[in-house]
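Chain residues, written in single-letter form:
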Amino acid sequence: MSSKRVIRTEHAPTPVASFSQGVAKGGLLQVAGQVGFDPATGAPVGPGLTEQVEQTLRNVGAVLSEGGASWGDLVMMRVYLTDTAHFAELNEAYNAWFAKELPDGDVPARTTVYVGLPAGLLVEIDALAVTD
Amino acid sequence: MSSKRVIRTEHAPTPVASFSQGVAKGGLLQVAGQVGFDPATGAPVGPGLTEQVEQTLRNVGAVLSEGGASWGDLVMMRVYLTDTAHFAELNEAYNAWFAKELPDGDVPARTTVYVGLPAGLLVEIDALAVTD
Amino acid sequence: MSSKRVIRTEHAPTPVASFSQGVAKGGLLQVAGQVGFDPATGAPVGPGLTEQVEQTLRNVGAVLSEGGASWGDLVMMRVYLTDTAHFAELNEAYNAWFAKELPDGDVPARTTVYVGLPAGLLVEIDALAVTD
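Not measured: the values here are computed from a predicted model. (Residues numbered from 1 in each chain as written. Chains lettered and ligands numbered in written order. Predicted model: local features only at pLDDT ≥ 70, side-chain atom pairs only at ≥ 80, totals over all residues. Heavy atoms only, no water.)

What to know about the interface of chain B and chain A
Logical step 1: Each partner contributes residues to the interface: chain B has 29 residues there, and chain A has 27 residues.
Logical step 2: Note that D126 of chain A is salt-bridged to R78 of chain B, the shortest N-O span being 2.7 Å.
Logical step 3: For the pair chain B and chain A, the number of links is 14 residue pairs in polar contact (both at pLDDT 80 or more).
Logical step 4: Looking at the side of chain B that touches chain A, the elements with two or more residues in it are strand 4 (74-81), helix 2 (87-101), strand 5 (109-114) and strand 6 (123-130) of chain B.
Logical step 5: Of the residues forming the side of chain B that touches chain A, the biggest block, 6 residues, is contributed by strand 5 of chain B.
Logical step 6: The residue inventory of the side of chain B that touches chain A, partitioned by class, reads 16 nonpolar, 8 polar and 5 charged. (Contact = heavy atoms within 4.5 Å. Salt bridge = Lys/Arg side-chain N within 4 Å of Asp/Glu carboxyl O. Polar contact = N/O pair within 3.5 Å; in protein donor to acceptor, adjacent residues only side chain to side chain. Helix = DSSP H or I, 4+ residues; strand = E, 2+ residues; numbered from the N terminus. Nonpolar A, V, L, I, M, F, W, Y, C, P; charged D, E, K, R; others polar.)

Some remarks on the relation of the copies chain C and chain A
Logical step 1: Structural alignment of chain C on chain A gives an RMSD of 0.0 Å, achieved by rotating through 120° and translating 0.0 Å along the axis. Accordingly, the operation relating the two chain copies is best matched by a three-fold axis. Measuring from the rotation axis to each C-alpha of chain C, the shortest distance belongs to V115 of chain C, at 3.2 Å.
Logical step 2: A share of only 11% of the interface residues of chain C reappears at the interface of chain A, consistent with the copies meeting through non-equivalent patches. (Least-squares fit on C-alpha atoms with pLDDT ≥ 70 in both.)

Some details on the side chain of T111 of chain B
Logical step 1: Mapping T111 of chain B onto the fold places it in strand 5.
Logical step 2: Taking the relative accessible area as the measure of exposure, T111 of chain B reaches 2% and is therefore buried.
Logical step 3: There is a polar contact of 3.0 Å between the side chain of T111 of chain B and the backbone nitrogen of G33 of chain A.
Logical step 4: A polar side-chain atom of T111 of chain B sits 2.7 Å from a polar atom in the side chain of D126 of chain A.
Logical step 5: When near neighbours in sequence (up to four residues on either side) are disregarded, T111 of chain B contacts A32, G33, Y80, E124 and D126 of chain A together with M76, M77, R78 and V79 of chain B. (Buried < 20%, exposed > 50% of the residue type's maximum accessible area, 1.4 Å probe, protein only.)

As for the sheet that holds strand 6 of chain B
Residue and element names in this part refer to chain B.
Logical step 1: The strand order 1-2-3-6-4-5 describes an open sheet built from 6 strands, whose pairing is mixed. If you trace the sheet from one side to the other, it starts and ends with strand 1 (4-7) and strand 5, each paired once. Averaged over all pairs of adjacent strands, the angle between their axes in this sheet comes to 10°, without regard to strand direction.
Logical step 2: When strand 4 meets strand 6, the two strands line up antiparallel, connected through 7 bridges. If you follow L74 over to strand 6, its bridge partner there is A129. (Pairing = 2+ DSSP bridges. Axes fitted to C-alpha atoms, helices over the stretch in contact; angles between N-to-C directions.)

Here you go:
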C-alpha cells in the first residue's frame, strides 16, 4: 500500500471545503482545481483574465513545489474558462508561462472547456503530475 | 504490462453505454462519473441536491469497494454541478460525508465546475484512487 | 525519477497552443483533449456529431498508438458534449467504436458532461491510459 501525503501550503489558497490543495500517492501528485485567488488575501486578483491565469498558475506551482514536484513532472493540465472569446488571451498567458518554465517545449497535455464558475472567476486549472 | 480489472457491481448504477463503472490498472482505480441514480431502481433519488450528492457518493463508494479501495485511497474528486447557487449545499453534504469517512482530514483534492447535465440530475462526481 | 516522453504525431491535430498531444510518464499515458479536426487539413470534419465523434476517436487512437498504448490500456475517457440532446447519437458512435476495438467489453470508465466548445465543435474527448 503506497503512503498518501496531503499537500498543505500557505502559498496557495486555503480550500473552502473538505478537500486538499493536492494529494501525492504512489508516484502521482494531483493538484486540486486552482483559481485566481491571491493566497495572501483570499480575494481574486484581476479583474482581467491574464492576471487570473498567472495567479492560478502560481497557485498550481505552489502546490507542485510543496509536493516536491516541478513543472516538468506535469502530464496534464485541465483548463476551465467561462467564455470561448477568452481562448486567445488564455493561450498568450499560458504559452508565455510555459516558455519560461519549460523552455525545452516538453509541455503537459491539456484539455480546455467552457463552463460556469462562481461570480468573478474567469479561469480554473487543475493539474496531474507524475513524480516517480 | 499491468493487468486491467474492470469493476462491475450491482451496488452502483448499470452503465447506460459502453463504459465501465470503474477500471483498475497499474495501481490506479478510476471511478466513472456517478450520478444520483439508485442502483436498485435505476431512477434518480431526489429531488433535492443533498439526496443526490449522498446517493452519488454511495455509488462512488460501491465502485471503490468492489475495486478493493477505500476512501483514504482517493487522490481526486471531480464534482460537476449545474448551478453555482448549489455550491454551499454541496459542501455541506460533501463535508459531512468526508468528516465521517476520513475523520483524519486527509481528504482528496477536488475540482468543482458548473456544466449541463441530463434533465433531473443536479450533480455528477468521478474519482481517482491510487491503491498501490 | 521516471522519464517523461512527449508524444508527437502527424496523425493527430497539431496543438494550437503550448501543450502536447500526449505525455507518457511513470506508466501513465495522458492524451490531451481531442476534437474532430482532420489532422491532414486542420479543419473540423462534419458537420454531424457522428463524424466528429469518429474523427475524435481516431485522433485519440493516433496518440495512443504513437505512445505505444492500445485501446485496452485505457482506464478513463472524458467526453464533453455541447447539448444533452446529443447523448444518444454519441453513444451509438461510441458503442460501435468500442465494440470493434474492445470486443471483450472491458471498456474504460467514462464521464460525460455538457460544456461550451469553440464554434463548430460538438465533442471533445481526452483519455488516460496505464501502460505498465
